Amino acid sequence: MKVSLNWLRRYVDIPVSVEELCDKMLQAGFEVESVEDLSKSMENVVVGRIERMEKHPNADRLQVCRVDVGAGEPVQVVTGAGNVFEGALVPVALHGSRLPNGMQIKKGELRGVESLGMLCSGQELCLKESDYRGAEADGILILLDDYPPGTDMRAVLGLDDVIIDFSVTANRPDCQSILGIAREVSVVLKTEFKKPAPLYKTKGGDINSYISVEVRDYELCPRYFGRVVTNVRIGPSPDGMQKFLKACGMRPINNIVDITNFVLLETGQPMHAFDLRDVRGHRIIVRRAENGEKITTLDGKEHTLSPEMLVIADAERPSCLAGIMGGLDSEIKDDTTEIFFESAKFRRDSVRHTARTLGVRTESSARFEKGTDIYNVEYAMERALSLIYELGVGDIVEGVIDCNDGLPQERVLKVTVSGVNSLLGLEIPGETMVEILNRLSIKTSLSGNTLTCVIPSFRDDIEGRADIAEEVMRIYGYHHIVGTPMKGLVVRGRKSHERLCGDRIKNCLVAQGLHEIATYSFISEKALDILGIEQDDPRRRAIRILNPLGEEYSVMRTQLVYSMLNVMSINYSRKIPAVRFFELSKVFVPDSVPITKQPEERPALSIGLYGEQEDFFTLKGIVEAVLAEFNIVPEYQRSGEPHLHPGRQAAAVADGRAIAVFGEVHPDTSEKFGFNNRVYVAEIRADILMAAKKPLAVYKPLPRFPAIERDLALVCDVGMPVAEIEKVIREHSGEYLESVQLFDVYQGTQIEKGKKSVAYRLVFRSPEFTLKDEDVEPAMNRVIEELSGKGCYLRS
Amino acid sequence: MKEKLEQLRAQALDSLKGIKDKKGLDELRIKIMGKKGQLTEILRGMGALPAEERPKIGQLVNRIRQELEERFGEVEAEIEERLKKERLAFETVDITMPGKKRRTGGLHPLSSVLEVLIDIFVSMGFDVVDGPEVETDYYNFEALNVPKDHPARDTQDTFYLTDKFLLRTQTSSAQIRVMENRKPPIRIISPGRVYRADEVDATHSPVFHQVEGLVVDRGITMCDLKGVLEQFAREIYGPETKVRFRPSFFPFTEPSVEVDVSCGECGGQGCRVCKDAGWIEILGAGMVHPNVLAGCGIDPEIYSGFAFGIGLDRLTTTRHKISDIRLLFENDLRFLEQFS
């Protein structure tokens, strides 16, 4: 809410600096968005009257003027402008002045004649036609009204003002007005609030002979108030009013429209003026729009309406979007002579809904949406009529139209002093509360421990004890709140099981050199196409956002690999040679789409690697480590992810479920992400990890007897999985086998084509005695024999 | 014979003085005490001695042998000691050369700052509870005292999934689920992701993170709220930090406050960091609105509570002086490494 300080001062004394005012208002709950001191733009520029003009002795095109600037002797100013004349009132920049464009004016000589200042044009003062009539004309700005010489030009232009932009919270619609802010200022500064009393006289007649009003929907329009003004003389509104409107960001139009806008800003109650000529049938009907009905609003736009929208119609068609914008055909024109003033209350959610649906937002709709005061409807009308009367621009017809379905009763709230204090943790005396609440226009009396509060109609937000506590507190001052250690039962705090598991996953990965990343939960709907995921894959069942920021962020992700590839791609494009990343986040798994119940938000883990050191097995090592952290020893099976290398991908399967799928990214996919290298990704079901039980470690006695080692070098088919060989070794090497380790795989010139050599180290140990060669000989022979059945033979 | 022995001893001791290395020492040892050495040679001549002389000479031989053995041992030890010193000197390294590191990774700064927060609140007895990110309109708005078409919805541009379901705009939705499922005393924080349809810029992200706090018990007051937040602020911003409440508005708390901390950069004098205010706004808080308590089946006449919501991303960027929130989601390794 932009507030002109000069305007504010009309209704409340402000005996403090702007800084102090802002600070006090901040303490009371009104944040200050900005303070703009208009007077800073220009200094030492005054109104001057040209008394005499002479030709410059040394220059044909220059004039030497003697100018009365209101102080002592007239000053001599040389000008080159041709439009000045004796008796003209003009802006004079005196010695040492500063102009809005940054120019500094000093006295000097022009061709040998002293000049003590400069006559200014509209451009030099950075003025537009709307700031001052004639400002954009060539030459010196000729002032139209009669100002005494010496008047500060800032006063002429309305620049002797400070504009404070207060941020008003949603619970205080009453402060969307100068009067509302003035009331708060009067409370925080403890000065008098001077609400202007309406003052006007009517000129007879009867409103009912001009117009009739019918409200068909009191739900959406609880009160509709109207007056008629005749003999209207349309013209510009007075300077003072224009200055205030401009200061608050509104454009002056004509006296009638300006009065409605002035009242809107002053009281917070939007008003509308109709040209009575254009109200067909002399009837106003407040009704819901018919389906498909059309209206052209003041801004020239045509809207198609629907029945949940409220319109102000005449006998034939809608002429206003209720509370939002007037219609083009009933607007005030230069030759308007009879007007109907509307001041009404429209239901806030209805106005909000219509304004949003049609995409029309105005000062008026903004106020209705936040909520207006049903009693303020009448006061605003009185203010408008007072202005008509004061400016003498029309005759006020006798009689009012006040359609309402009964006005709400005064609300009385009883709360206890101790109840308020118990919420705050303070001991504020009841008398102090009474004093504060009364200053806030909440008429309050104290009887024993009980406060009886009469809630004014503009404070709909006050419903109970908590609200009274807030009102008291914000004026009493929050600095009185002193931190105390919490009382109450001792409770134990802890992380959830899922969070503790998450910590274990993260620690495990960080220790292996992985950095955690964070990416958005929504991704492009093309992501799955890019990854080549099949149409019938469950990951295709993704939740869409109805109003996404863009296609890029339009579906809730069902996998993390896409985001991981994106992040790696950014790093790769920035010439970062190697990365090891992981992300522990959620995927969104709905039963069906569009969703009818909350989806499963499934914890998921992705891993991504690239760099010289990385290959399929560094990735597998990391995956194994994470699974081992949760005591999961899976089987590895070939998998068929389209975005992974067909020969370098695997699924880690345990209990029939794939816990991880990982591998080298398919060259077609990595090309789409701009990679020119090998990239590795894994996607892991973190939910399964978190559900796994890890038994407590139990001590096993350390070995007391030496071990026997046997190396086994075998030749087998290239396609033979080593896991199968290991399985045979484990099955047949007897009770003393302690460990089997694959330590070499060779394929090349030393070996037959289509074969590979694999070498294992077997360690045997007994917990009871020292093994001798003959204790392991039978086992080794059995293993070799079994393996030969699988096509493996000893390497010679 | 005796003279011969004495002479041999003297010669041996003399030769020993010139020995510089192990090889020379071994040669000398063999020359004198080996099987064919000089001492053995002399001993062979023992047979020619009269019988009564033999024990004397035998003793002498043994004494000399023992003495020489000792001396040889000493010299050997000296040589070894010298060799060791030489080896150690030779092995001296340039200690200014870089250490051999095994690269570890690191947590994302949002995670590490969250861990700090969780530690602070868990130590004060707060449970950590997670809530769903896909929420119903009811939990995200209505139960929080924000009915349909309420102006408070304006400040939170919401991503909708269907008419009924949306991406939560605030972790406050978790409050309701906790109050529905637990009986007071309640003391929880609920960290998590939230979503608002804000265009991306240096200070806005459509995906961000909050940490909601909620306490409900008998006799909870605003002073308790301040006490908890002061504790939090001192741990995060330093022991000298002051906390200020300013009245504000949130639909689900009443009274509501914005909470500022004294600017740690300038100590409250005003600087670029606090935009000359001397204070930095860190969170919103308030006493749980009686409508919200009642809606969750908690009698507001018996119980009271407070709630607060911390913006984790802003806390992270201010704590680490990160100039642009987008950096958090870009995940440039060089950025991430700065926080590991």
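What you are looking at is a predicted structure, and each value in this text was computed from that prediction instead of being measured.

Topic: the sheet that holds strand β33 (residues 644-654) of chain A
Residue and element names in this part refer to chain A.
Stage number 1. The strand order across the open sheet built from seven strands is β27-β30-β31-β35-β34-β33-β32, with neighbouring strands paired in mixed fashion. Where the open sheet ends on each side, the last strands, each with one partner, are β27 (515-516) and β32 (635-638).
Stage number 2. Pairing of β27 with strand β30 (residues 579-589), which is carried by two bridges, proceeds in the parallel orientation. Bridge assignment links H515 to a residue of β30, and that residue is F581.
Stage number 3. Packing against the sheet, helix α13 (residues 497-511) makes contact with β27, β30 and β31 (600-610), and its axis sits at approximately 155° to β30.
Stage number 4. Strand contacts of helix α16 (residues 616-629): β30, β31, β32, β33, β34 (657-665) and β35 (679-684), with the helix running at about 155° to β34, the strand carrying the most contacts.

Observations regarding the sheet that holds strand β24 (residues 411-416) of chain A
Residue and element names in this part refer to chain A.
Stage number 1. If you walk across this open sheet you meet the three strands as β24-β26-β25, and the pairing is antiparallel. Each end of this open sheet is capped by a strand with a single partner; those strands are β24 and β25 (443-447). Strand-to-strand twist across the sheet, computed as the mean angle between neighbouring axes with direction ignored, equals 20°.
Stage number 2. Its contacts with the sheet place helix α10 (residues 417-424) against β24, β25 and β26 (450-455), and it is angled at close to 65° to β24.

Description of the interface of chain A and chain B
Stage number 1. Each side of the interface is counted separately: chain A has 87 residues, and chain B has 91 residues.
Stage number 2. Surface buried jointly by chain A and chain B totals about 7300 Å² across both partners, of which 55% is contributed by carbon and sulfur atoms.
Stage number 3. At the boundary of chain A with chain B, the tally comes to six salt bridges.
Stage number 4. For B:D130, the salt bridge identified is with A:R499, shortest N-O distance 2.7 Å.
Stage number 5. The tally of links between chain A and chain B comes to 36 residue pairs in polar contact (both at pLDDT 80 or more).
Stage number 6. Taken together, the residues of the side of chain A that touches chain B sort by class into 39 nonpolar, 21 polar and 27 charged.

Points about unusual backbone geometry
Residue and element names in this part refer to chain A.
Stage number 1. Of note, the bond from V593 into P594 is cis; its omega dihedral lies within 30 degrees of zero at -10°.
Stage number 2. Residue position: P594 is located in the loop between β30 and β31.
Stage number 3. Backbone geometry places K190, a non-glycine residue, at a positive phi of 55°.
Stage number 4. Take K190: it is sitting in the loop between α4 (178-189) and β12 (212-215).

Some details on helix α2 (residues 18-27) of chain A
Residues and elements named next belong to chain A.
Stage number 1. For α2, the full list of buried residues reads V18, L21, C22, M25 and L26. All buried residues of α2 project into a common sector of 135° when viewed along the axis, lining one side.
Stage number 2. Of the residues one or two after α2, G29 is the one with positive phi, at around 110°.

Conventions used here
Residues numbered from 1 in each chain as written. Chains lettered and ligands numbered in written order. Predicted model: local features only at pLDDT ≥ 70, side-chain atom pairs only at ≥ 80, totals over all residues. Heavy atoms only, no water. Pairing = 2+ DSSP bridges. Helix = DSSP H or I, 4+ residues; strand = E, 2+ residues; numbered from the N terminus. Contact = heavy atoms within 4.5 Å. Axes fitted to C-alpha atoms, helices over the stretch in contact; angles between N-to-C directions. Buried area = accessible area lost by both parts, 1.4 Å probe. Salt bridge = Lys/Arg side-chain N within 4 Å of Asp/Glu carboxyl O. Polar contact = N/O pair within 3.5 Å; in protein donor to acceptor, adjacent residues only side chain to side chain. Nonpolar A, V, L, I, M, F, W, Y, C, P; charged D, E, K, R; others polar. Buried < 20%, exposed > 50% of the residue type's maximum accessible area, 1.4 Å probe, protein only. Arc of directions from axis to C-beta.

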